[in-house]
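Letter by letter, the chains look like this.
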Amino acid sequence: MNNDTPPPIHAEPATLLALVIFTLVSLGLGVVANLVSSKKAGFLQKYFLGNRSLGAFAVALTAAVVSGGTFVGFPSLAYKHGWVIALWIASYMVVPLTVLGILGKRIGQLARRTGAITLPDLLRERYGSPALGLLTSLLIMLFLTSNLIPQFKAGGVIMKMVLPAGVVSQVVDEGAASTDVGYYLGLAVFAATVVAYTAYGGFLAAIWTDVFQSIIMALGVLILFPLAMMASGGLSAATEAGIAQTDIGFAFGPGAGKNFHPIGLAFSFFFMWAITGMGQPSTMVRLMSFRDSRTLRFSIIYMTIYNLMIYIPLVFIFIAARAIVPDLARPDEVMPSLVIKLANPYIAGLILAAPYGAVMSTVSGFLLIISSGIVRDVYQRFIRPQATEKEIEWASYSATVLVGIAVTLIALRPPEYLQLIIV
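All values derive from a computational prediction rather than experimental measurement.

1. Comments concerning a nonpolar patch on the surface
1) Next: Nonpolar side chains collect at one region of the surface, where Phe57, Ile215, Leu219, Leu222, Phe298, Ile301, Tyr302, Ile305 and Met309 lie side by side and expose about 770 Å² of accessible area between them.
2) Next: Sorting the residues of the nonpolar patch by element identifies α9 (181–232) and α13 (293–324) as the ones contributing at least two each.
3) Next: Looking at the element boundaries, Phe298 is found in helix α13.
4) Next: A residue is classified by how much of its surface remains accessible, and Phe298, at 32% relative accessible area, is partly exposed.

This is the structure in C-alpha cells:
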C-alpha cells in the first residue's frame, strides 16, 4: 500500500444504525404497498403501473432525475474538475420538466386508450408494429441493465463507508481474497435490500419508497449545505483551495489540468440532454401511471421547486469539498467522506440516507422496467401467450430477483467514474 495514500474514512456505529433504520423503513413501505394495493385491475397493471393512480406529489418526486449519479457520480466529477460541472448538472434540472411538459399528457392518454402496461406495449399499439415493440423492449433491457451497474456501485460505496472499520478488518483477517471487502459487503447489503422490497411490492413499493427517500434527500442536502459552507470558509476560499490542488481550470473552463468537458461542450450537452432525456424509459413509465391532467400540471410545479432545492446546493457543496477533504484517493467516495467528516454520527446517518435513497429509488424503477420487458414483452407475448395470472405473477417476481442478482455480480468490478457510464 502506498504510504502517501490518505487512510480510509469510516463512519461511527451510530451512522450505520441510522442508515439501517432508513433501510428498514424502506422495506416496510414495500411490504405495506403490496398489502394495500388493489387487485381489481389485474396483476400486471398493479405490479408494473400501480393501477395508474399516482398523484401530483408522487409524480413530481419520482420523475425527478435524482439517482446515484446525482449524489455519487456528479459530486466526484465536481470534486475533480471544478465549476464547469455545474453546466453539466444544470441540464438534469431541465430534463424531467421537458418530459412532463411535452410528452406527459399524450403518453398518459395513449396508455389508457390502448391499455398499455409497458413502454414497448405503447409503441407497439401506437404504430401497429410488433417488431417495433420487440426492438424497443430489447433496447430498454440492454441500456437500463448497463445503467444499473453504476447505481449498484454507488449503493455499495455508501454502505462500505458506514461499515465500522473493525468489521471490514475482521473479514479481511479471516481470509477474504479481495482487498476491497468493505465494498463487497456494502454491495451485498444494498442489493439484498432494494431487490427484496422491489420484487415483493412492485410499482407501488417503488413509488412509496421513492417519495419517502426523496423527502430524505432534500433534508440531507439542506443540512449538509450550511455545514460545508462553514467548514470550507465559503465558496471563494473553497475555489482557491481547488485551484491550489489542481490548476486555474478548477475555477472555470476545461478543468483540473486536462481537456475535460470544455465550455462549448458543456453548453452543447445542456441542450442535447434536455432533448434526448425525454426518451428515458424510467420517466416515461411514470407518465403512463398518473391519475389525470390536473395531476400532471401540479407535478411540473412541484418538480421545479424540488430540483432547485437539490441541485444548486449540491454544486456548492462539492466545490467546497476540495477544501474539506483534499486529495481523496477515490473521488467517487467524496459524498460519504464529506458527510462523515462534517456531521455527528446520527446526523451523518440521516444525510447519507439521501444518496442511499436516491440510488435505491433509481434501482427499484429500473428493475421493474427490465422485469416488465422480460415478462410482458418477451415471456407472455412469445413464450407463453396462454400463461395464467398466477404464472405471470411468479414470473414477475423471479425476473426482478434474477436481474438484481445478475447486476450485482457485474458490479463486483465497477467503472472508476460511474457518472461516465450513466451519461
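2. A short note on the environment of Gln151
1) Next: Its place among the elements puts Gln151 in helix α7 (residues 130–162).
2) Next: Residue Gln151 is classed as buried on the basis of its relative accessible area, which comes to 1%.

3. Examining helix α15 (residues 345–383)
1) Next: In the structure, α15 departs most strongly from a straight axis at Ala354, where the bend amounts to approximately 30 degrees and where the proline Pro355 lies between one and four residues downstream.
2) Next: Most of α15 sits out of view: 29 of its 39 residues are buried.
3) Next: Sitting at the head of α15, Asn344 places a side-chain oxygen 3.0 Å from the backbone nitrogen of Tyr346.

4. Side note on the pattern of salt bridges
1) Next: Applying the stated criterion across every chain yields a total of seven salt bridges.
2) Next: A salt bridge links Arg384 to Glu391, with the shortest nitrogen-to-oxygen separation between them at 2.9 Å.
3) Next: Note on Arg384: relative accessible area 37%, which makes it partly exposed.
4) Next: Across the salt bridge formed by Glu393 and Lys390, the nearest N and O atoms sit 4.0 Å from each other.

5. Some details on the packing of α9 against helix α16 (residues 389–410)
When two helices pack together, their arrangement is captured by the angle between the axes and the distance separating the axes.
1) Next: One way to put it is that α9 packs onto α16 with a least axis distance of 9 Å and a crossing angle of 165 degrees. Between α9 and α16, the crossing angle belongs to the class labelled roughly antiparallel. Handedness of the α9/α16 crossing: right-handed. Side by side, α9 and α16 meet where Leu187, Ala191, Val195, Thr198, Ala199 and Tyr200 of the first sit next to Tyr397, Thr400, Val401, Gly404 and Thr408 of the second.

6. As for helix α14 (residues 334–342)
1) Next: In terms of burial, α14 is largely enclosed, as seven of its nine residues are buried.
2) Next: Buried within α14 we find Val334, Met335, Pro336, Ser337, Leu338, Val339 and Ile340.

7. Focus on the confidence of the model for the chain
1) Next: Overall, the prediction assigns the chain a mean pLDDT of 78, with 83% of residues at 70 or greater.
2) Next: In this model residues 1–6 is a low-confidence stretch, pLDDT under 50, and it forms two contacts with partners more than four residues away in sequence or in other chains.
3) Next: Note on residues 170–178: pLDDT is under 50 here. Beyond four places in sequence and across chains, it has six contacts.

Here is what the cut-offs are and how they apply
Residues numbered from 1 in each chain as written. Predicted model: local features only at pLDDT ≥ 70, side-chain atom pairs only at ≥ 80, totals over all residues. Heavy atoms only, no water. Patch = residues over 30% accessible without salt bridge, like charges linked within 9 Å, V, L, I, M, F, W, Y side chains within 5 Å. Areas by Shrake-Rupley, 256 points an atom, 1.4 Å probe, with all protein chains shown as cover. Salt bridge = Lys/Arg side-chain N within 4 Å of Asp/Glu carboxyl O. Helix = DSSP H or I, 4+ residues; strand = E, 2+ residues; numbered from the N terminus. Buried < 20%, exposed > 50% of the residue type's maximum accessible area, 1.4 Å probe, protein only. Bend = angle between axes of the 7 residues up to and from the residue. Polar contact = N/O pair within 3.5 Å; in protein donor to acceptor, adjacent residues only side chain to side chain. Axes fitted to C-alpha atoms, helices over the stretch in contact; angles between N-to-C directions. Parallel < 35°, antiparallel > 145°, perpendicular 65-115°, else oblique. Left-handed = near helix turned anticlockwise from the far one by under 90°. Contact = heavy atoms within 4.5 Å. pLDDT = per-residue confidence, 0-100.

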